[in-house]
Amino acid sequence: MKLLTFAVLAIMTVLATLMLSGCATVPMPQDGAQAVYAAEGSYAVALTAAAAYRRLPLCGPDVGPACHNVDVVEELVAADNKAYGLLTDAQKLVTVHGTASQIGAALALASAAIADFRSKAP
Amino acid sequence: MNTALALALNVLEVLPGVVTAGEDALQLIQSTSATLRVAQSQGRDPSPNEWDAINAQIEKLREVLDAPEAEPTPTEDMGVGAAFKDTLLVGGLGLDPEAEPALVISSEEGALHPTEDQTAEAPLEADAEVSVDPVTS
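Counting restarts for each chain: residues are numbered from 1 in the order of the written sequence. Each chain takes a letter, starting from A, and each ligand takes a number, starting from 1, following the order in which they are written. Residues qualify for local features only when their pLDDT is at least 70, as the model is predicted, and side-chain atom pairs are given and counted only at 80 or more; totals for whole chains, interfaces and linings, by contrast, use all residues. Side-chain measures here rest on the full set of heavy atoms in the structure, leaving out hydrogens and waters.

1. Some thoughts on the overall build of chain B
- In terms of regular secondary structure, chain B is built from five helices and two strands.
- Under the scheme used here, helices are H or I runs from DSSP no shorter than 4 residues and strands are E runs no shorter than 2 residues, and both carry numbers assigned from the N terminus. Going residue by residue from the N terminus, the α and β elements of chain B occur as α-α-α-α-β-β-α.
- Whether a residue is buried, partly exposed or exposed follows from its accessible area with a 1.4 Å probe, protein chains only, as a fraction of its type maximum: under 20%, in between, or over 50%, in that order. The burial tally for chain B puts 19% of its 137 residues in the buried class.
- Only the protein chains shown count as cover for residues, and the accessible areas themselves come from Shrake-Rupley with a 1.4 Å probe. Of the roughly 10,600 Å² that chain B leaves accessible, carbon and sulfur atoms contribute 59%.

2. As for the confidence of the model for chain A
All names here are of chain A.
- The pLDDT value expresses, per residue, how confident the predictor is, ranging between 0 and 100. Of the residues in chain A, 80% reach a pLDDT of 70 or more, and the chain-wide mean stands at 83.
- No element of chain A has a lower mean pLDDT than helix α1 (residues 2-23), which averages 50, and none a higher one than helix α3 (residues 70-95), which averages 95.
- Note on residues 1-10: pLDDT is under 50 here. Beyond four places in sequence and across chains, it has seven contacts. Here a residue-residue contact requires only that any non-hydrogen atoms of the pair lie within 4.5 Å.

3. Digging into unusual backbone geometry
Residue and element names in this part refer to chain A.
- Positive phi values are uncommon outside glycine, yet His97 reaches one of about 60°.
- Inspection of the secondary structure puts His97 in the loop between α3 and α4 (100-120).
- Exposure remark for His97: the relative accessible area of 70% places this residue in the exposed category.

4. Focus: the interface of chain A and chain B
- Each side of the interface is counted separately: chain A has 54 residues, and chain B has 42 residues.
- For salt bridges, the criterion is a side-chain nitrogen of Lys or Arg within 4 Å of an Asp or Glu carboxyl oxygen. Across the salt bridge formed by Asp80(A) and Arg62(B), the nearest N and O atoms sit 2.9 Å from each other.
- Secondary-structure elements contributing two or more residues to the side of chain A that touches chain B are α1, α2 (32-55) and α3 of chain A.
- In terms of residue count, the dominant contributor to the side of chain A that touches chain B is α2(A) (17 residues).

5. Here we look at a nonpolar patch on the surface
- Each patch is assembled from residues with relative accessible area greater than 30% and no salt bridge, linking like charges that lie within 9 Å and nonpolar side chains (Val, Leu, Ile, Met, Phe, Trp, Tyr) that lie within 5 Å. Together, Leu5(B), Leu9(B) and Leu12(B) make up an exposed nonpolar region whose accessible area comes to about 330 Å².
- Looking at where Leu9(B) falls in the secondary structure, it is placed in helix α1 (residues 2-41).

6. Some words on the side chain of Arg62(B)
- Topologically, Arg62(B) is positioned in helix α2 (residues 48-66).
- Here Arg62(B) falls in the buried class, since its relative accessible area comes to 11%.
- In protein, a polar contact means a hydrogen-donor-capable atom and an acceptor-capable atom, both N or O and within 3.5 Å, with residues adjacent in sequence counting only if both atoms are side-chain atoms; elsewhere, any N or O pair within 3.5 Å suffices. At 2.9 Å, the side chain of Arg62(B) forms a polar contact with the side chain of Asp80(A).
- Aside from chain neighbours lying at most four places away, what touches Arg62(B) is Tyr43(A), Leu47(A), Asp80(A), Asn81(A) and Tyr84(A).

7. Notes on the pattern of salt bridges
- Per the stated rule, a full pass over the model turns up four salt bridges over all chains.
- One salt bridge in this structure joins Arg54(A) and Glu69(B), with 4.0 Å as the shortest N-O distance. Of this pair, Arg54(A) sits in helix α2 while Glu69(B) sits in the loop between α2 and α3 (74-77), each in a different chain.
- Judged by relative accessible area, which is 9%, Arg54(A) ranks as buried.
- A salt bridge links Lys120(A) to Asp116(A); the shortest N-O distance between them is 3.0 Å. Here Asp116(A) and Lys120(A) lie together in helix α4, a separation of four residues that amounts to about one turn.

8. Some details on the environment of Ala51(A)
- With respect to the helices and strands, the residue Ala51(A) is situated in helix α2.
- The buried category is assigned to Ala51(A), whose relative accessible area is 0%.
- Distance in space between the C-alpha atoms of Ala51(A) and Ala121(A) is 9.8 Å, their sequence separation being 70 residues.
- Setting aside chain neighbours within four positions, we find Ala51(A) in contact with Leu61(B) and Val64(B).

Now the structure itself:
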């Protein structure tokens, strides 16, 4: 039983490593619009992990350890809503040519929300 | 032993999803990087189409995350209680929910008309003569 648990953890670790190695190849943004676009990519990766967690079977007495907890999903949804809203605001600013300070402030808020969303992921 | 088997089945069940999620994440990173590289090499911001593409992917993923929890399956929901209710309310009273109605109410004439079965069983006519033996006391 422990062996199988370790096997699952090992697979997830490999996948996480692959994701992180992929993150390292994202080029450095050169302006506000590119920075917001990169933030959206980062958010989408976090969202992929959250969606994968949500796709696991619902936890219950007859379900194995690889399952999703309703309370965790609720936390993820709340954090996702916040990050999504702030990213949408930032995207609107760059597409309507907001000022650099406006874009910078919106991007800072969105980045913090994305980091919070990532931290909620199991 | 059963616990280990259940765990193994659980792992086998979720593994394809985990692998697919990893592949999707890698693809997202690669496409984001490629878009940014092209934009930088051309000295421009991401185009509306490029924004739309990543927004569409985000919307799809959010639909998964926001999906309501699945309702219990009918086999779980319809346990002994549901079977008892059906028996009591329908079978127990000898009622067949699929049966034709025994009596049809005509809304046009405001009268009750027996169905064919009832007519055959009780061939009463309005002008039929009925003889009643007087009761003598």
